[in-house]
Amino acid sequence: MKLHDLPAEILLEVFSTLNNLTLHRLGGTCRRLRGISQVALTTKHVSRLQLLADAGTLSLDGHTVQDLLQQKLPFSPDIRFTIRYNTQIFEDLEAFRTLLLQLDRVSLDLRLSPLESSGQSIVLRQRWVNLLAEVMNVAAEKPQSQLTVGRGVNWRTMGRPFHYEYTEPFMPTHLGNEHPPPYHSKTESKFPLFIGPFLRLIGGIVAKFKPRGAQITLNDTSHAQTHTLERSMRSCGISLLPTSTSLLEHFNVHSQLLMELPFFHWTMSILATCPITRLSFSDIDLTHYDWEYILATMSIPTLTHISFGSSNIAFPDLQMFLSRHSSITTLDLSRNTAIGHLKPFSSQKLLPNLNHLIANSEYLSHFLEPPKAFPALQSITMATGYVGGLRFLDSEMRQFDAVLRRIAGRTRDVELIFRFVSDAALYGLNTWLRSIHMRVGTEVKAVEQVPNVVKLEVFVNIPPAPDTLDDLLRFFPMFPSLKHLMFSGSFWNAKADADAIRLSIWQSMPGLETMDKHSRPGL
């Protein structure tokens, strides 16, 4: 008796003991075995998904595996899958792909779990790379989908997508009677004279076909010579491209893995083909040369929300990117440091639809300098403490007054949010509040008032000291038109009498209507 002549029940029992790769190979032999192998694979995938859910590796937004596989949900379930490095990583990815194929829409958060032991790295095999890209493609094909890829600190990739060559060597200028060391080209030192010109001719022809970057000029006290930086795209030998039906709308790149080979080409293809409305970068360690090329080639007509979680983006490159995306309504630069010369946005045509601006005080003081810049701006978030720590604290605090003056010079009412996210930021807040009180005492001068702030929110993730709370009580009268006040984060975890502080704020601000979403009490 031949294998395909056996009853389906016996074949299914035998197939349940085989691994996934063998089942795939059996499914390619004939139609009958393909159907039975698919049933066996689905049964194995369901049991594997249940094990992952029980272990906490797979979070299904309060649903069970059977619910997601059997019924069509009218909403996008929030699914978090932590990919752990083990001997069954291929089976885990296959089972998870089966689950995604059954869903109409999904909000997927992929977490690449790092190794517990330091000093080691995970080597990505081609089978895993292709299957992981296939899982992300399935999520990207869902309408109204959201994809977040994070962590993966020590997942060893094939390297960064670019390499750089200096076509003219850096030669420092020698002062006095010192003579510079003689420079010998590689062709002159290693090859006979008649071979050198030939090799230089070949090198010149090849260089014409390489993509070139911008010229970088170093101007320092030693009058260093100008050198030209040549940038070329590296090849990884693996082609990972999304499908033409990708409908991804929210894309959060929170892992270095997606910006290195082999996934870099997949990421750039997603950005070029999908109707992305929300894009977020975080924990991306690229040089500003890399970002120069990436931002120059990136164009997303549907983009409305953008967050750059990288501190290595030069301001001229950022400005060129923003000038091509007038549809942006929310710009988040809270984790960026200013690189290059910051020029005010004098043109009203740049980001005419910008509604919410999130940045540190250094960026805000320059962005808001022209009163007519960003005519649709309604919400401003001043984020302090994300980058730099105490090293940049003094410069940030010095910009606080400039930011408030810029806001006061605008004709439109705005919502102002203070966000302090570190010990250094709270220390800077306390120092800045003390400096205000030293200048004007307990009263706020009219020239230092900000009359167009109608809603104010103070967010801290560390409980402030009681003396900082006392200083804040004298800070709020700076906003005479304030109607709504909110404290979020760990603000009320401080060792202070919260009811007494609230009562003092109500008494000192007669125009205040709500505090922490509570209406004004009858005092």
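Here's what I pulled together on the structure shown here. (Residues numbered from 1 in each chain as written. Predicted model: local features only at pLDDT ≥ 70, side-chain atom pairs only at ≥ 80, totals over all residues. Heavy atoms only, no water.)

## A word on the pairing of strand 13 (residues 330-333)
Stage number 1. Where burial is concerned, the two faces of strand 13 agree: the one with Thr 330 and Asp 332 and the one with Leu 331 and Leu 333 are both buried.
Stage number 2. With three bridges connecting them, strand 12 (residues 305-309) and strand 13 associate as parallel partners. Within the sheet, the bridge partner assigned to Ser 307 lies in strand 13 and is Asp 332.
Stage number 3. Across four bridges, the pairing between strand 13 and strand 14 (residues 356-359) is parallel. Directly across from Leu 333, in strand 14, lies its bridge partner Ala 359. (Buried < 20%, exposed > 50% of the residue type's maximum accessible area, 1.4 Å probe, protein only. Helix = DSSP H or I, 4+ residues; strand = E, 2+ residues; numbered from the N terminus. Pairing = 2+ DSSP bridges.)

## What to know about the pattern of salt bridges
Stage number 1. Evaluation of the coordinates by the stated rule reveals eight salt bridges.
Stage number 2. The partner of Arg 111 in a salt bridge is Asp 109, and the shortest N-O contact between them spans 3.0 Å.
Stage number 3. Across the pair Lys 455 and Glu 415 runs a salt bridge whose closest N-O atoms are separated by 4.0 Å. With Lys 455 in strand 17 (residues 453-460) and Glu 415 in strand 16 (residues 414-420), this residue pair connects regions lying 40 residues apart in the sequence. (Salt bridge = Lys/Arg side-chain N within 4 Å of Asp/Glu carboxyl O.)

## So, the side chain of Thr 57
Stage number 1. Position of Thr 57 relative to the elements: it lies in the loop between helix 3 (31-54) and strand 1 (58-59).
Stage number 2. Of the residues examined, Thr 57 reaches a relative accessible area of 8% and is grouped as buried.
Stage number 3. Apart from residues no more than four positions distant in its own chain, Thr 57 is found in contact with Leu 52, Arg 80, Phe 81, Thr 82 and Arg 84. (Contact = heavy atoms within 4.5 Å.)

What is shown is where atoms sit, not what they do.
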